[in-house]
Amino acid sequence: MDDAAHLADTDPLERARAFADASAAENPSLEALARVAGLSPYHFVRAFSARFGASPVAYVRERRMALAARRLADGDAPPLVELAFDLGFESQEGFTRAFKRAHGVSPGRYRRSPQTPESPMSVATAHLRLTMSQAPVRKAGFRVAGVHGVFDEATRSKIPVMWPSLIQRLPLPGQVGDDASFGVCWAADGANGAFNYMAAVPIAADAPAPEGLMVRDVPEQSYLVFRQEIEAAELQPQMVAAMRDIWGERVPASGFKLANGPDLEAYPPEFEPGRATWLEWWIPVEA
């Protein structure tokens, strides 16, 4: 068995990618890809995007358009309407729009003058100092209140703007925890890989719900804990690099099964972007 085949057999993300490559023309659903990986759609989107630099949906779209480009460059390419139906499009017009977005030219023009398609996938990199707990750490449950939104891989870059909205409300009535704060993330309703995110602080169990903010109970849970040392530089590229390593490499290789509870970013008191500090990533796993 060659290395690629071995990876597809043993690594759930490589197995899903191999399935996406083999079935791109059928436009497999997110749910189907997640089943191949043996993960929930929420966990699968996070892990796949971290590993490969594109969401599963974007990856399949890129593979479909690369397949279309190869078919068009073939001297025996079928008529465009036939090719559109072969690739799962409902009309030639829909195929033409998708192809032009991917390659910058219409399929008819591409067939007359083929060129090597470029993959749009790229991942931000940054110097990374990240350590992982040797075993899962049990954390007590607690209550948080904060600013809430629903995001996907295309809109997650908007998350940082939530924090100023919370900070201007602090301290909240009933706030506890020495000014620590948390980014709390959990699956949104449905199976499309969207997720909820809260920029939040801990509050007492009997504290009143602050007006205009969401309140959520974080259950007692076992976590893989990753501590990241943050440099005095732009924060977001450092966090993107950590997510890529945690979700794309370390969690799949850990041997632990992901649990359904929320995962958290844990920020220490007086955390301030742009300054040397640290944060922790808590990834829920089954004990």
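Residues numbered from 1 in each chain as written. Predicted model: local features only at pLDDT ≥ 70, side-chain atom pairs only at ≥ 80, totals over all residues. Heavy atoms only, no water.

Student: Honestly, the nonpolar core in this entry has me stumped. Any pointers?
Tutor: Soluble globular proteins tend to pack their nonpolar side chains together in the buried interior. Counting 36 residues, the largest nonpolar core has Tyr 197, Phe 226, Ile 246, Trp 281 and Ile 283 as its most contacted members. Breaking this core down by element, the ones donating at least two residues are helix 4 (41-52), strand 3 (142-151), helix 9 (162-167), strand 5 (195-203), strand 7 (221-230), helix 10 (235-254) and strand 9 (277-285). Counting residues per element, this core draws most heavily on helix 10, at seven residues. With residues near it in sequence (within four places) discarded, Tyr 197 still touches Val 147, His 148, Gly 149, Phe 151, Ile 159, Met 162, Trp 163, Gly 183, Val 184, Cys 185, Glu 265 and Tyr 267. In terms of nonpolar packing, the next biggest core, distinct from the first, is built from 15 residues, Leu 72, Ala 98, Phe 99 and Tyr 110 among them. (Core = buried A, V, L, I, M, F, W, Y, C linked by side-chain atoms within 4.5 Å. Buried < 20%, exposed > 50% of the residue type's maximum accessible area, 1.4 Å probe, protein only. Helix = DSSP H or I, 4+ residues; strand = E, 2+ residues; numbered from the N terminus. Contact = heavy atoms within 4.5 Å.)

Student: How should the pairing of strand 5 be read in this particular structure?
Tutor: It is a general feature of regular strands that their side chains alternate between the two faces of the sheet. With nine of its nine residues buried, strand 5 lies for the most part within the structure. Neither face of strand 5 is left uncovered, since the one carrying Phe 195, Tyr 197, Ala 199, Val 201 and Ile 203 and the one carrying Asn 196, Met 198, Ala 200 and Pro 202 both have all their residues buried. Bridge count between strand 3 and strand 5: nine bridges; the pairing is antiparallel. Paired with Gly 149 across the strands is Tyr 197, a residue of strand 5. Two elements, strand 4 (residues 181-187) and strand 5, share six bridges in a ladder whose sense is antiparallel. Considered in strand 5, the bridge of Cys 185 is made with Tyr 197. (Pairing = 2+ DSSP bridges.)

Student: How do you make sense of the packing of aromatic side chains when you look at a structure like this?
Tutor: Two numbers describe a pair of aromatic rings. These are the distance of the centres and the angle of the planes. According to the stated counting rule, one finds 13 aromatic pairs in the structure shown. Geometrically, the ring pair formed by Phe 151 and Phe 195 is tilted, given 6.3 Å between the ring centres and 35 degrees between the ring planes. Of this pair, Phe 151 sits in strand 3 while Phe 195 sits in strand 5, and the two are 44 residues apart along the sequence. One exposure class covers both Phe 151 and Phe 195, and it is buried. Considering the side-chain rings of Phe 182 and Trp 282, the 5.5 Å spacing of their centres and the 65 degrees angle between planes classify their relative orientation as edge-to-face. Pair noted here: Phe 182 is in strand 4 and Trp 282 is in strand 9, with a separation of 100 residues, a long-range link. Comparing Phe 182 with Trp 282 shows no difference in burial state: the two are buried. (Phe/Tyr/Trp six-rings, centres within 6.5 Å; stacked < 30°, edge-to-face > 60°.)

Student: Would you mind going over the side chain of Asp 11 with me for this structure?
Tutor: Topologically, Asp 11 is positioned in the loop between helix 1 (3-10) and helix 2 (12-22). Of the polar contacts made by the side chain of Asp 11, one reaches the backbone nitrogen of Leu 13; its length is 2.9 Å. Within the structure, Asp 11 has its side chain in polar contact with the side chain of Arg 51 (distance 3.2 Å). (Polar contact = N/O pair within 3.5 Å; in protein donor to acceptor, adjacent residues only side chain to side chain.)

Student: Is there a simple way to explain the pattern of salt bridges in this structure?
Tutor: Where charged atoms of side chains with opposite charge meet at close range, the side chains can pair. In this structure the tally under the stated criterion is 13 salt bridges. The closest approach of N and O atoms between Arg 51 and Glu 14, which form a salt bridge, is 3.8 Å. Highlighted residues: Arg 51 in helix 4 and Glu 14 in helix 2, separated in sequence by 37 residues. The partner of Arg 275 in a salt bridge is Glu 272, and the shortest N-O contact between them spans 3.4 Å. Taken together, the salt bridges that share partners define one network made up of Asp 11, Glu 14, Arg 17, Arg 51 and Glu 249. (Salt bridge = Lys/Arg side-chain N within 4 Å of Asp/Glu carboxyl O.)

Student: Where do I start with the packing of helix 2 against helix 5 (residues 56-73) in this structure?
Tutor: Helix packing for two helices is described by the angle between their axes and how far apart those axes are. Contact pair helix 2 / helix 5: the axes reach a minimum separation of 9 Å and the direction vectors enclose 35 degrees. Regarding helix 2 and helix 5, the two cross each other, and that crossing is right-handed. Residues Arg 17, Ala 20 and Asp 21 of helix 2 form the contact with helix 5, whose participating residues are Tyr 59, Val 60 and Arg 63. For the contact of helix 2 with helix 5, the class distribution of residues is three nonpolar, no polar and three charged. (Axes fitted to C-alpha atoms, helices over the stretch in contact; angles between N-to-C directions. Left-handed = near helix turned anticlockwise from the far one by under 90°. Nonpolar A, V, L, I, M, F, W, Y, C, P; charged D, E, K, R; others polar.)

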